[in-house]
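Close look at the chain arrangement
Listed below, chain by chain, are the residues.
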Amino acid sequence: MENYIYETHDMADPLLPFIFHSAFQVVAHHCPLNWHENVELLYCLSGKGEIHCGTETALFLPGDLYVVNLELPHCVYSDTTVTYRCLIIDNAFFRENGLAPETLHFQHSIQDARFHNLFEELNNAFDRHRSGNAYAVIDIRHTVLSLLQVLCREYIVERPRDTNPNANIHIKNALLYIRKNMRNAITLDDIAAYVGISKYHLSREFKALTGKTIIEMVNLIRCTEAKYLIEHGTKICNAATACGYENLSYFSRVFQKNFHALPSAFLPKKD
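Keep in mind it's a predicted model, so treat the numbers as computed, not measured.

**Thoughts on the environment of Ile138**
Here Ile138 lies in helix α3 (residues 136-154). Sequence separation between Ile138 and Leu16 is 122 residues, and the spatial gap between their C-alpha atoms is 9.3 Å.

**Concerning the pairing of strand β8 (residues 74-89)**
Remember that side chains alternate between the two faces of the sheet whenever the strand is regular. Where burial is concerned, most of β8 is hidden: 13 out of the 16 residues are buried. Of the pairings in the sheet, the one linking strand β4 (residues 39-47) to β8 comprises eight bridges and is antiparallel in character. Each bridged residue has a counterpart across the sheet, and for Ser46 the counterpart in β8 is Thr83. Relative to β8, strand β5 (residues 49-53) runs antiparallel, the two being bridged by four bridges. In the strand pairing of β8, Cys53 is matched with His74.

**Side note on unusual backbone geometry**
Its identity as a non-glycine residue notwithstanding, His260 has a phi of 55°, on the positive side. By relative accessible area, His260 is classed as exposed at 70%.

**With respect to the pattern of salt bridges**
Applying the stated criterion across every chain yields a total of nine salt bridges. A salt bridge links Glu102 to Arg95; the shortest N-O distance between them is 3.5 Å. Measuring nitrogen to oxygen at the nearest pair gives 3.3 Å for the salt bridge that ties Lys199 to Asp189. Within this pair, whereas Lys199 is found in helix α6 (residues 199-210), its partner Asp189 is found in helix α5 (residues 188-195), the two being separated by 10 residues in sequence.

**Here's the deal with the nonpolar core**
The biggest cluster of nonpolar side chains holds 29 residues, and the ones touching the most others in it are Leu41, Leu87, Phe115 and Leu151. When residues of this core are traced back to their parent elements, those giving at least two are β2 (18-30), β4, β7 (64-68), β8, α1 (91-96), α2 (114-130) and α3. Here the element with the most residues in this core is α3; it accounts for seven residues. Once residues lying within four places of it in the same chain are set aside, the contact partners of Leu87 are Phe18, Ile19, Phe20, Val39, Glu40, Leu41, Phe119, Leu122, Val144 and Leu147.

What counts and what doesn't
Residues numbered from 1 in each chain as written. Predicted model: local features only at pLDDT ≥ 70, side-chain atom pairs only at ≥ 80, totals over all residues. Heavy atoms only, no water. Helix = DSSP H or I, 4+ residues; strand = E, 2+ residues; numbered from the N terminus. Buried < 20%, exposed > 50% of the residue type's maximum accessible area, 1.4 Å probe, protein only. Pairing = 2+ DSSP bridges. Salt bridge = Lys/Arg side-chain N within 4 Å of Asp/Glu carboxyl O. Core = buried A, V, L, I, M, F, W, Y, C linked by side-chain atoms within 4.5 Å. Contact = heavy atoms within 4.5 Å.

Everything listed here is a matter of geometry and, on its own, says nothing about what the molecule does.
As structure tokens, then:
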């Protein structure tokens, strides 16, 4: 499983503080888990996938819009193929239009036919811009504003309660440590020392923000990686060992608790 990647975004044109991919494709794997300081909009064009964002997992199907709010670790996964459009909006664009991005929290998963037309308009406007159309910059900015208008009017939701302003970075660092060390023995003391706060403080923050204990999350991360390995041909015993489980019986019990099925249910189907 990949570690968190912190993305920095170079918005080369101050008039177009956006990054736009017209057809990004994930084929039979997951993208690296990454996070950044800007809002990201993902619009599914075809195929079937999942989006893992923070502690949530959502299906990603044609016509779905998924909003990645500020600083949430996320990745796109597909067992087959999923193709989507991606728009990253620099925080500066929010501010120059009277919006404070750090105060906004949008609904994550949205089904709304208007976004199909808006992403089509955006794609066409970027095509015109690449062809040298003098008015394409206006069209792009107008369409992004139209997207934000719909989101701000209809899809702002209450931000998850966060009692500590440093809690998010504590949780990110804890998850980073777990992912980097999941093949080794992991103790709460080790994680707390890496994060830099007491294990009691970390345990409270972690449970409050993820809904899981640290041990539950360690097992979920390990079993998720083991599931991926098994689905792609690794023997169950080898997958268990690669993900930090020396006792195969214990691995099977934990795996079944997380996925409601034994590891053997995810072995590749024989022709």
